[in-house]
Every structure is written in C-alpha cells, then in structure tokens.
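Now for the letters of each chain:
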Amino acid sequence: MLIIGLTGSIATGKSTVSSLLSSPPYSLPIIDADLIARQVVEPGKPAYRAIVNYFGPSTPDLLLPGPSLSSSSSSDLNDNSTSTSASTSENRPLNRPALGRRVFGDTPERKRDRMILNKIVHPAVRREVYKALVKNYLRGSWAVVLDVPLLFESGMDIICGTVMVVSVSDPKTQMERLRARDPHLSAEDAANRVRSQGDVKGKVAKAEFRGAWKARGVIVVNDGDKDQLRGEVSRTMRIVSGSSPRWWSWILLSLPPLAVGVALWNMLVNFQLRKGWERKERQEKANS
C-alpha cells in the first residue's frame with residue numbers, strides 16, 4: 001500500500017486537494033491528522049488532561065464556558081487547584097483560539113509552549129495514524145493519503161512512499177486566502193499562523209529533493225481556480241500511479257512478510273534522503 005504524504009502550509013489549498021483525492025476518480029481513503037489531533041484532545045482524553053494541567057493555570061480562558069461549579073466543588077478547588085481544575089473540567093472543550101494565541105508566534109515563550117503542546121499531541125496522533133494505516137492495508141487499499149500539515153516537521157515523511165506538497169507561487173496569495181477564510185484574524189495573527197507551519201518554499205524544496213528518486217516527491221501548484229487545481233492533481237497522480245501501480249499493492253497484500261520488508265526498505269531510503277537533505281543544507285550554510 002502506497003502512503004501519500006499530503007502537506008503544505010496554511011491556506012495553500014491542501015484541504016481542497018485532500019477532498020479531490022477522496023472523490024472519484026481516485027476515491028482514496030484520507031487519514032486527516034488535523035481531525036485526529038482534535039479527537040485526541042477531546043475532554044477525558046489523556047492529551048486533554050495534560051494540556052489542561054500545563055496550560056490551564058496560566059491561561060484563564062483555556063476552556064470554553066461550562067456549567068458553574070457547585071459550592072462543594074469550589075471548596076475542593078481551593079484545596080487543590082491544579083488537580084481539581086483538571087477533574088472538574090472534564091466536559092469543557094478546549095478553547096482552541098485561546099490555545100492558538102498561546103502557542104503561535106516567534107517569541108521564545110511561544111516557541112517553548114508550542115514545543116510542549118506538540119510533545120503532548122504528536123505521540124497520541126501518531127498512534128491513531130498507525131492504527132488507521134493498518135486498517136486500510138487490511139482492507140486492500142491501493143494507496144492512502146496521510147494529510148499532515150507538519151509532515152516534515154513531525155518526521156512522518158519517513159513512512160511515506162510519496163510526499164505531495166501543495167504550494168502557491170506568491171506568498172501574498174497565501175495571506176489573502178487565509179484572511180478571506182478567517183476574517184477574524186488580524187494581520188499579525190495570520191502571519192504567526194503561516195510562520196508556525198513553516199515556509200511552503202522550504203517544503204517544496206524538500207519534496208523536489210525527494211522527487212529526484214522515483215517520484216518520492218511531487219508538487220501541486222495551486223495558483224488558479226478549482227478547475228486548474230483539479231488539472232494539477234490529475235497530472236501529479238499520473239506520476240504517482242506510474243511509480244507505484246495497483247498490481248504491486250495486491251502483491252504486498254497477499255504476501256505480508258514482503259510488505260513488511262518493503263516498508264522497512266522504504267523507511268531506510270527515506271532516512272538516507274533525509275540525511276542527504278541535511279548535508280545539502282549544511283553545505284549551503286557553509287558556502288553562504
């Protein structure tokens with residue numbers, strides 16, 4: 001089974017590409033890391049409790065409003081504020097905009113908080129992603145789309161046979177789309193969110209570096225309307241399907257030991273490509 005890692009920066013059109021890939025003629029199953037990330041931080045989940053315990057004491061609006069506490073609960077809260085805050089808030093969802101304001105930005109404090117949030121959420125997301133991959137393999141899927149905004153940053157590109165980056169040629173287009181989609185964002189908030197997901201040009205460069213080896217990286221340029229984007233997706237999928245035909249997935253499904261071996265070999269190749277990219281970056285810095 002081919003794992004297509006779909007990534008891109010915010011407001012580049014990644015969600016639209018994901019929708020196109022899940023529809024005919026492709027009809028590929030989608031593993032949406034953003035959706036999983038929301039599910040693993042629902043009230044009562046371990047990641048939710050960890051977020052409340054760390055961010056709650058210094059972020060008063062971390063949780064959405066809920067029923068008022070009883071007097072006995074308030075008394076308990078005074079005795080042990082941190083533990084009771086987590087236990088009495090089990091049914092109050094996270095206030096995602098408030099959490100976003102806490103972790104998006106370039107200051108050392110926000111970078112630290114974003115790193116801590118990622119350390120809480122990413123392991124839980126990975127577990128659910130691996131479960132979904134196994135399920136789709138057992139269903140006999142030819143390919144599955146792993147939709148991860150921070151694919152390279154999280155290291156999940158190492159399990160992907162192909163990485164598909166959705167990009168725009170002009171960063172101004174990205175900012176205009178983001179503010180049109182989320183008009184409540186200030187210019188500063190929009191810029192912080194774009195920076196938090198990394199420079200799309202950097203993602204394109206990594207995909208192009210991978211793509212030099214049997215279509216392991218492809219680029220979908222989304223500078224026009226949806227019809228133009230549909231054509232771009234069709235072009236890139238012809239490249240992807242040509243490098244990993246459907247009959248190969250059926251062989252791997254019928255021979256699980258071979259599938260395991262191919263998966264390990266694929267990870268080894270991707271690891272070597274990652275090391276090659278890092279060497280390239282070091283050389284460019286040394287020459288600059």
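This structure is a prediction, so every number in the text was calculated from the model and none was measured. (Residues numbered from 1 in each chain as written. Predicted model: local features only at pLDDT ≥ 70, side-chain atom pairs only at ≥ 80, totals over all residues. Heavy atoms only, no water.)

Another aspect to go through is the overall build of the protein chain. Of regular secondary structure, the protein chain possesses 14 helices and 5 strands. Carbon and sulfur atoms make up 56% of the accessible area of the protein chain, which amounts to about 15,400 Å² in all. (Helix = DSSP H or I, 4+ residues; strand = E, 2+ residues; numbered from the N terminus. Areas by Shrake-Rupley, 256 points an atom, 1.4 Å probe, with all protein chains shown as cover.)

With that settled, the discussion passes to helix 11 (residues 200-211). Compared with the 16 Å implied by 1.5 Å per residue over 12 residues, the 16 Å span of helix 11 between its first and last C-alpha is a close match. Buried residues in helix 11 make contact with strand 1 (2-8), helix 8 (151-154), strand 4 (162-167), helix 9 (171-181), strand 5 (217-221) and helix 14 (256-287). (Expected span 1.5 Å × (residues − 1). Contact = heavy atoms within 4.5 Å.)

Moving on, we come to the UniProt feature "transmembrane region" (unreviewed entry) in the protein chain. Per the UniProt annotation, the sites labelled "transmembrane region" (unreviewed entry) are residues 247-269. Along residues 247-269 one finds 96% helix and 0% strand; the C-alpha atoms at either end are 22 Å apart. (UniProt positions renumbered as here; feature names shortened; annotations may be inferred.)

The next point concerns the nonpolar core. Here is a general trend for soluble globular proteins: nonpolar side chains tend to be buried in one another's company. Counting 39 residues, the largest nonpolar core has I51, L94, V121 and L146 as the members making the most contacts within it. Those elements giving two or more residues to this core turn out to be helix 2 (33-39), helix 3 (46-55), helix 6 (96-103), helix 7 (108-138), strand 3 (143-147), helix 8, strand 4 and helix 11. Looking at this core, you find at least three residues from each of domain 1 (1-29 + 142-287) and domain 2 (35-62 + 92-140). If near-sequence neighbours (up to four positions away) are discounted, V121 is found in contact with A37, V40, V41 and I51. Membership of the second largest hydrophobic core comes to 19 residues, among which are L2, L20, W142 and M237. (Core = buried A, V, L, I, M, F, W, Y, C linked by side-chain atoms within 4.5 Å. Buried < 20%, exposed > 50% of the residue type's maximum accessible area, 1.4 Å probe, protein only. Domains from an automatic or database assignment.)

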